[in-house]
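Examining the three-dimensional arrangement
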Amino acid sequence: MVVLVTGANGQLGQSLQFIAPNYPELHFVFCSSADLDITNIENCESTFSKIKPNYCINAAAYTAVDKAESEPEKAYLINVTGAKNLAQVCKEYSTVLLHISTDFVFDGTSTALSVKNGKGYTEDDIPNPTGVYGQTKLDGEKAIQATLKSYYIIRTSWVYSQFGNNFMKTMLRLASEKDSISVVNDQIGTPTNAVDLAECLVKIICQTELVEVQHPAFNFGIYNFSNEGQCSWYDFAKKIFEVNNITINLQPIPTSSFPTPAMRPKFSVLDKTKMKTTFGIQIKNWEDSLQQLKH
């Protein structure tokens, strides 16, 4: 089985490279943006004609949430045009697409019953992005759905890992530079260890491979994946320091004290019931997963 991975140098791309040796039955081909520019349809065509992948994991994305507000065209090009290009070539080569989306497709103040109950957004809740990044990710989802039948769209949140740039690494860096840090405590969500997300994607591929012969349209669609539990960014930071035995003056502040160009969802916990029941995937609690990355 040939699995093409876009965005190979990002957090998820590097996490997939990290676990790839554990799956010798899968032949991974990792492409950075220099190898495969998803915004260029000819580049996509030539890459697919050479590799002929059975599966494509699209880990390439424009994820600079605040910057997207001032460069919407660039965000659109990668998150929408890029997604559409991949969907088109996947259709042409009968490739199953696994596309990563985000909790930012939701406004975080929804009247959705699941959210009111504090259980988190389900895949059936109506998206309502509040910024350019969330809107382009939602438009990318729609472009895939309009083009392709064989797809999995996986919405995730608060991704961190030992790779790339992320909140955990920022906190550890700031702790080495400052005596005191302030972090917002009124945005609630769930951290996602990128290695856990990578494992989830590989399990989806392995299971699809097993049953697709009998069920050609096997459970394709939108799924949520993050670690279990919920916390604020302040709680997340506190746990990062605790796990790494770092003593620092950590102050909780409201979002209003830390204005940003893009609005963040106040509550963006994702309900993983569909993922767990469909694929039988065991999901770790965010605190347990973070513990494994102790420095």
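Refer to the structure presented above.
As a starting point, this report considers the structure included with it.

What counts, and at which threshold
Residues numbered from 1 in each chain as written. Predicted model: local features only at pLDDT ≥ 70, side-chain atom pairs only at ≥ 80, totals over all residues. Heavy atoms only, no water. Helix = DSSP H or I, 4+ residues; strand = E, 2+ residues; numbered from the N terminus. Rg over C-alpha atoms; globule rule 2.2 N^0.38 Å. Contact = heavy atoms within 4.5 Å. Areas by Shrake-Rupley, 256 points an atom, 1.4 Å probe, with all protein chains shown as cover. Lys, Arg positive; Asp, Glu negative; His and termini not counted. Charge placed at Lys NZ, Arg CZ, Asp CG, Glu CD. Buried < 20%, exposed > 50% of the residue type's maximum accessible area, 1.4 Å probe, protein only. Pairing = 2+ DSSP bridges. Phe/Tyr/Trp six-rings, centres within 6.5 Å; stacked < 30°, edge-to-face > 60°. Salt bridge = Lys/Arg side-chain N within 4 Å of Asp/Glu carboxyl O. Axes fitted to C-alpha atoms, helices over the stretch in contact; angles between N-to-C directions. Left-handed = near helix turned anticlockwise from the far one by under 90°. Nonpolar A, V, L, I, M, F, W, Y, C, P; charged D, E, K, R; others polar.

**So, the overall build of the protein chain**
When you go through the protein chain residue by residue, the secondary structure sums to 10 helices and 12 strands. Whereas a compact globule of 295 residues would reach a radius of gyration of roughly 19 Å, the protein chain reaches 19 Å, a difference of no more than 12%. Dimensions of the protein chain, computed from C-alpha atoms along their principal axes, come out at roughly 55 × 40 × 35 Å. Pairs at least 24 apart in sequence give 83% of the contacts found in the protein chain among residues at least 6 apart. As presented, the protein chain carries roughly 13,200 Å² of accessible surface, and 51% of it is formed by carbon and sulfur atoms. Across the protein chain, 25 positive and 30 negative side-chain charges occur, with their mean positions spaced 1 Å apart.

**Observations regarding the pairing of strand E5 (residues 151-156)**
Among the six residues of E5, six are classified as buried, and the element is accordingly described as predominantly covered. Bridge analysis of strand E4 (residues 96-102) against E5 gives six bridges, and the strand direction is parallel. Across the sheet, the residue bridging to isoleucine 100 is isoleucine 154, located in E5. Of the pairings in the sheet, the one linking E5 to strand E10 (residues 221-224) comprises four bridges and is parallel in character. Bridged to isoleucine 153 within E10 is isoleucine 222.

**Considerations on the packing of aromatic side chains**
Scanning the model with the defined rule gives 15 aromatic pairs in all. Judged by centre distance (6.0 Å) and plane angle (50 degrees), the ring pair of phenylalanine 48 and tyrosine 93 falls under tilted. Note that phenylalanine 48 is positioned in helix H2 (residues 41-51) and tyrosine 93 in the loop between helix H3 (72-92) and E4, a separation of 45 residues in sequence. Since its relative accessible area comes to 25%, tyrosine 93 is described here as partly exposed. Arranged with centres 5.9 Å apart and planes meeting at 75 degrees, the rings of tyrosine 152 and phenylalanine 279 form a pair that is edge-to-face.

**Observations regarding the pattern of salt bridges**
This model, assessed by the stated rule, comprises nine salt bridges. Salt-bridge contacts for arginine 155 lead to glutamate 141; the nearest nitrogen and oxygen are separated by 2.7 Å. Of the two residues, arginine 155 sits in strand E5 while glutamate 141 sits in helix H5 (residues 132-147), which places them 14 residues apart along the sequence. With a relative accessible area of 2%, arginine 155 lands in the buried category. Salt-bridge contacts for lysine 239 lead to glutamate 287; the nearest nitrogen and oxygen are separated by 3.8 Å. Of this pair, lysine 239 sits in helix H8 (residues 233-243) while glutamate 287 sits in helix H10 (residues 286-291), and the two are 48 residues apart along the sequence. Accessibility expressed as a relative area gives 15% for lysine 239, which makes it buried. Judged by relative accessible area, which is 32%, glutamate 287 ranks as partly exposed.

**Some details on the environment of alanine 143**
Secondary-structure assignment places alanine 143 in helix H5. Residue classification places alanine 143 among the buried residues on the basis of a relative accessible area of 13%. Between the C-alpha atoms of alanine 143 and glycine 82, which are 61 residues apart in sequence, the distance is 9.6 Å. Dropping the residues within four chain positions of it, alanine 143 is found in contact with Val80 and Lys84.

**Concerning the packing of H2 against H3**
Two elements in contact, H2 and H3, have axes separated by 9 Å at closest approach and are oriented at 35 degrees. Read as a crossing pair, H2 and H3 show a hand that is right-handed. Taking contact as the criterion, the partners of Ile41, Cys44, Glu45 and Phe48 in H2 are, on H3, Asn85, Leu86, Gln88, Val89, Cys90 and Glu92. By residue class, the composition of the contact of H2 with H3 is six nonpolar, two polar and two charged.

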